[in-house]
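Listed below, chain by chain, are the residues.
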Amino acid sequence: MKPSEDERQVDLTKFTSNIPPFPKCVQKVLMMLRDPRIQLTKVAEVVSLDQGFAGKVLRMANSAYFGLPRRVYNVTEALVLLGYSNVRNVLISASASNILSKAVEAYGLDAGRLWEHSVGTAYASQMISRKASMQIYSMAFSCGLLHDVGKVAIDLALRDEDKERMLALIRSVGVMRAEGEIIGVTHAAVGMEICRRWNLPEEIIDAVGYHHKPLEAGTNSLAAGIVSTADRCSRLLLEGATTLHIHEFQGLPEGSYIPDVKMLRQLSDELPAMITSSKELLQAAAEEVAKPLE
Ligand SMILES: [Fe+2]
Ligand SMILES: [Fe+2]
């Protein structure tokens, strides 16, 4: 899918150039995982070539968030125990944690807040997709995790006075209109371009690019619609809601996935704990490696 006419006129590189590339080994592994017959031991060999990154993957795999049945001390064992879809999830989490954990001042988010929201959206996307479409399931976590990455790029590109203007406008007219007035492009379009530069799969690129207008995502509308709903779940629970109600999902953009009561109950029960353990996941990502891990 292509960005809209208005967005195409804005030079996105002034935003995306502030975001570092994805680790080469992850780009390679994501290609390998397109083959469902690929052995995870082969994937581990590629990850292990980058020792620093492999250590981060291992620490994150061992955190409560991914819930391995026992503590593991080498990457091969960790990836095999995680299984196919979680391998992709842990690798994308390890690649994006530095970027998503920054303070995002233009949007009023202190350090760590966007990370919590992103992990909450990732988990909710995965839960919803389990019911909505198993085809999307393996990518759903990544789509949710990265959906607002464009906000970080925009924040990094704005001068302090523009960040203040943006935040004031967001508080009066909302995120999308404020972005339109101040920079002429949305965080979704910027995020889409970042995912494209990272060589991520088309499903992720479109789900990120269209999470505020799912119907425009063409063949990936359902993925974008799931992220739109998961985004709302994560935001409501982070704002202190204890239970999610159907009426809170009525104003979502067209094409958003409409959850039923049972699903909302499950999300209300499980999501807060996952958002809490996202902090531990971030700590694991940031730890220094004291000794070789294998
Ligand atoms: Fe968003
Ligand atoms: Fe969001």
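Below: a short report on this structure.

Conventions adopted
Residues numbered from 1 in each chain as written. Chains lettered and ligands numbered in written order. Predicted model: local features only at pLDDT ≥ 70, side-chain atom pairs only at ≥ 80, totals over all residues. Helix = DSSP H or I, 4+ residues; strand = E, 2+ residues; numbered from the N terminus. Rg over C-alpha atoms; globule rule 2.2 N^0.38 Å. Buried ≥ 20, exposed ≤ 12 C-beta atoms within 10 Å, placed from the backbone. Contact = placed C-beta atoms within 7 Å. Core = buried A, V, L, I, M, F, W, Y, C linked by C-beta atoms within 7 Å. Axes fitted to C-alpha atoms, helices over the stretch in contact; angles between N-to-C directions. Parallel < 35°, antiparallel > 145°, perpendicular 65-115°, else oblique. Left-handed = near helix turned anticlockwise from the far one by under 90°. Nonpolar A, V, L, I, M, F, W, Y, C, P; charged D, E, K, R; others polar.

Bringing the overall build of the protein into the picture now. Helix and strand content of the protein: 16 helices and zero strands. Taking 2.2 N^0.38 as the reference for a compact globule, 294 residues should give roughly 19 Å; the C-alpha atoms of the protein span a radius of gyration of 18 Å, in line with that estimate. Principal-axis analysis of the C-alpha atoms places the extent of the protein at approximately 50 × 45 × 35 Å. Relative to its 294 residues, the protein shows a buried fraction of 48%. Relative to all contacts within the protein whose residues are 6 or more apart in sequence, the contacts with residues 24 or more apart total 68%.

Soluble globular proteins tend to pack their nonpolar side chains together in the buried interior. Membership of the largest hydrophobic core comes to 90 residues, with the highest contact counts inside it found for Val-57, Cys-143, Val-149, Cys-195, Ile-204, Val-208 and Ile-226. Leaving out residues up to four positions away in the same chain, Cys-143 has contacts with Ser-125, Glu-203, Ile-204, Ala-207, Val-208, Ala-223 and Val-227.

This brings us to the packing of helix α5 (residues 51–61) against helix α6 (residues 75–82). Helix-helix packing is described using two parameters, namely the angle between the two axes and the distance between the axes. The N-to-C vectors of α5 and α6 enclose an angle of 45 degrees; their axes lie 10 Å apart at closest approach. Judged by the angle between their axes, α5 and α6 are oblique. As α5 runs across α6, the sense of the crossing is left-handed. Here Ala-54, Val-57, Leu-58 and Ala-61 of α5 lie close against α6, whose contacting residues are Val-75, Ala-78 and Leu-82. Class assignment for the residues of the contact of α5 with α6 results in seven nonpolar, no polar and no charged.

Within the secondary structure layout, Ile-170 lies in helix α11 (residues 160–173). Residues Ile-170 and Gly-108, 62 residues apart in the sequence, show an inter-C-alpha distance of 9.1 Å. The residues touching Ile-170, leaving out its near neighbours within four places in the chain, are Tyr-107, Gly-108, Val-175 and Ala-178.

On to the environment of Ile-128, then. Topologically, Ile-128 is positioned in helix α8 (residues 113–132). Exposure remark for Ile-128: the 25 C-beta atoms within 10 Å place this residue in the buried category. When the C-alpha positions of Ile-128 and Leu-200 are compared, they lie 21 Å apart, and in sequence the two are 72 residues distant.

This part is about α5. Those residues of α5 not exposed but buried are Ala-54, Gly-55, Lys-56, Val-57, Leu-58, Met-60 and Ala-61. Where α5 is buried, its residues meet α4 (40–48), α6, α7 (84–100) and α16 (261–286).

Once that is clear, we can look at the packing of helix α10 (residues 149–157) against helix α13 (residues 187–197). Packing of α10 against α13 brings their axes to within 7 Å, and their N-to-C directions diverge by 100 degrees. Classified by the interaxial angle, the pair formed by α10 and α13 is roughly perpendicular. Contact with α10, carried on its side by Val-149, Gly-150, Lys-151, Ala-153 and Ile-154, involves His-187, Ala-188, Ala-189, Val-190, Gly-191 and Ile-194 of α13 and no other residues of that element. Among the residues forming the contact of α10 with α13, the class breakdown is seven nonpolar, three polar and one charged.

To continue, consider the environment of Lys-24. The residue Lys-24 is located in helix α3 (residues 24–32) in this model. Overall, the presence of 13 C-beta atoms within 10 Å leaves Lys-24 in the partly exposed class. Considering only alpha carbons, one finds Lys-24 and Val-46, 22 residues apart in sequence, at a separation of 9.7 Å.

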